[in-house]
Amino acid sequence: NALDSEVEKVVLFFLRQQGRIAAQVAELLQHWPTHTELAQGCREAGEELVHLLHYLELNNTGLRKILKKHDKMIASAHITGSYLSSRAKRPDSHLRVLWRHEGISSILASLRSGLKAAKQDAEAEQARAEQERQAESDGHGLRRQKSQVFLRRFLRSRSFDDSEPVLRRILAARLRLRLATGFLS
């Protein structure tokens, strides 16, 4: 069937791109020279992931509109329900990839990990530089006290959430995709 063939093309492209992004993230996490390069690489991979999710969302919307248009034009032969249910039950169905978008959570977790590591490395570098400046300027017992205060502030700042803009964009794109694929489930 022509529709199955088009769905297959979309899914295979999605899987190839997802694999490429996953490999890119894995390479970044294994071999980053500086925290700046790690953060920048994770952000770039995250933006690619946002674009890929948008691609999947557009194709899901297109599939829904094709099925809806067919049902509207040929009132006697509504295929949406039968098409979706027959494909959803098959273990080799490409539709399952469209509505589950598997693998994205793993990439997102790796991006979070990479961005967190870059942030921690940058903060540790700042802490070391601050301690060196304090050591040069303090000749008295204040140096140790200031170092301890700075270290406590540094450790509190190590918590990491989804405040990174690229992570927020990925989460928003996943939500839009989930809404776009609601008709498939």
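The rules we used
- Residues numbered from 1 in each chain as written.
- Predicted model: local features only at pLDDT ≥ 70, side-chain atom pairs only at ≥ 80, totals over all residues.
- Heavy atoms only, no water.
- Helix = DSSP H or I, 4+ residues; strand = E, 2+ residues; numbered from the N terminus.
- Buried < 20%, exposed > 50% of the residue type's maximum accessible area, 1.4 Å probe, protein only.
- Contact = heavy atoms within 4.5 Å.
- Areas by Shrake-Rupley, 256 points an atom, 1.4 Å probe, with all protein chains shown as cover.
- Expected span 1.5 Å × (residues − 1).
- Polar contact = N/O pair within 3.5 Å; in protein donor to acceptor, adjacent residues only side chain to side chain.
- Core = buried A, V, L, I, M, F, W, Y, C linked by side-chain atoms within 4.5 Å.
- Axes fitted to C-alpha atoms, helices over the stretch in contact; angles between N-to-C directions.
- Parallel < 35°, antiparallel > 145°, perpendicular 65-115°, else oblique.
- Left-handed = near helix turned anticlockwise from the far one by under 90°.
- Nonpolar A, V, L, I, M, F, W, Y, C, P; charged D, E, K, R; others polar.
- Patch = residues over 30% accessible without salt bridge, like charges linked within 9 Å, V, L, I, M, F, W, Y side chains within 5 Å.
- Salt bridge = Lys/Arg side-chain N within 4 Å of Asp/Glu carboxyl O.
- Lys, Arg positive; Asp, Glu negative; His and termini not counted.
- Charge placed at Lys NZ, Arg CZ, Asp CG, Glu CD.

## Some thoughts on the overall build of the protein chain
Scanning the protein chain for helices and strands turns up seven helices and zero strands. Along the protein chain, from the amino end to the carboxyl end, the secondary structure elements read α-α-α-α-α-α-α. Burial statistics for the protein chain: of 185 residues in total, 35% are counted as buried. For the protein chain, long-range pairs separated by at least 24 residues make up 78% of all intrachain contacts whose partners lie at least 6 apart in sequence. Working note: accessible area of the protein chain is about 11200 Å², and carbon and sulfur atoms make up 55% of it.

## Topic: helix α1 (residues 2-30)
Along its 29 residues, α1 runs 42 Å from first to last C-alpha, staying within 8% of the 42 Å computed at 1.5 Å per residue. For α1, the set of buried residues is Leu3, Val7, Val10, Val11, Phe14, Gln17, Gln18, Ile21, Val25 and Leu28. Of the residues that open α1, the one with a side-chain oxygen 2.6 Å from the backbone nitrogen of leucine 3 is asparagine 1.

## Focus on the nonpolar core
Leu49, Leu98, Leu111 and Ile170 are the most contacted members of the largest nonpolar core, which has 36 residues in total. Among the elements that line this core, the one with the most residues is helix α2 (residues 35-73), at eleven residues. In this view, leucine 49 contacts Ile21, Ile104, Ile107, Leu111 and Ile170; residues no more than four positions away in its chain are not counted.

## A word on the packing of α2 against helix α7 (residues 165-180)
Viewed as axis vectors pointing N to C, α2 and α7 meet at an angle of 15 degrees, and their least axial separation amounts to 9 Å. In terms of orientation, α2 and α7 fall into the roughly parallel class. In this structure, α2 crosses over α7, and the sense of that crossing is left-handed. For the pair α2 and α7, contact is made by Arg43, Gly46, Glu47, Leu49, Val50, Leu53, Leu56, Glu57, Asn60 and Thr61 and by Val166, Arg169, Ile170, Ala173, Arg174, Arg176, Leu177 and Ala180, respectively. Class assignment for the residues of the contact of α2 with α7 results in nine nonpolar, three polar and six charged.

## Focus on the packing of α2 against helix α3 (residues 80-88)
Each packed pair of helices is defined by two parameters, the angle between the axes and the distance between the axes. Running from N to C, α2 and α3 cross one another at 140 degrees; their axes reach a closest spacing of 9 Å. With respect to α3, the axis of α2 lies oblique. In contact with Leu67, Lys68 and Asp71 of α2, α3 contributes Thr80, Tyr83 and Leu84. Considered class by class, the residues forming the contact of α2 with α3 number three nonpolar, one polar and two charged.

## A word on a positive patch on the surface
Together, Arg64, Lys65, Lys68, Lys69 and Lys72 give the surface a local cluster of positive charge. One can find lysine 69 in helix α2. On the basis of relative accessibility, which here comes to 53%, the residue lysine 69 falls in the exposed class.

## Considering the environment of valine 10
Tracing the backbone through its elements, the reader meets valine 10 in helix α1. Distance in space between the C-alpha atoms of valine 10 and valine 97 is 10.0 Å, their sequence separation being 87 residues. Once residues lying within four places of it in the same chain are set aside, the contact partners of valine 10 are Tyr55, Leu56, Asn59 and Leu98.

## Describing the pattern of salt bridges
Applying the stated criterion to the full structure yields six salt bridges. Where arginine 169 meets glutamate 47, a salt bridge forms, and the shortest distance between an N and an O atom there is 2.2 Å. Of this pair, arginine 169 sits in helix α7 while glutamate 47 sits in helix α2, and the two are 122 residues apart along the sequence. Given a relative accessible area of 37%, arginine 169 falls into the partly exposed group. For glutamate 47, a relative accessible area of 25% gives the class partly exposed. Taking the shortest distance from any N to any O, the salt bridge between glutamate 57 and arginine 176 comes out at 3.3 Å. Of this pair, glutamate 57 sits in helix α2 while arginine 176 is found in helix α7, placing the two residues 119 residues apart along the sequence. For arginine 176, a relative accessible area of 36% translates into the label partly exposed.

Interpretation in functional terms is not warranted from these geometric data alone.
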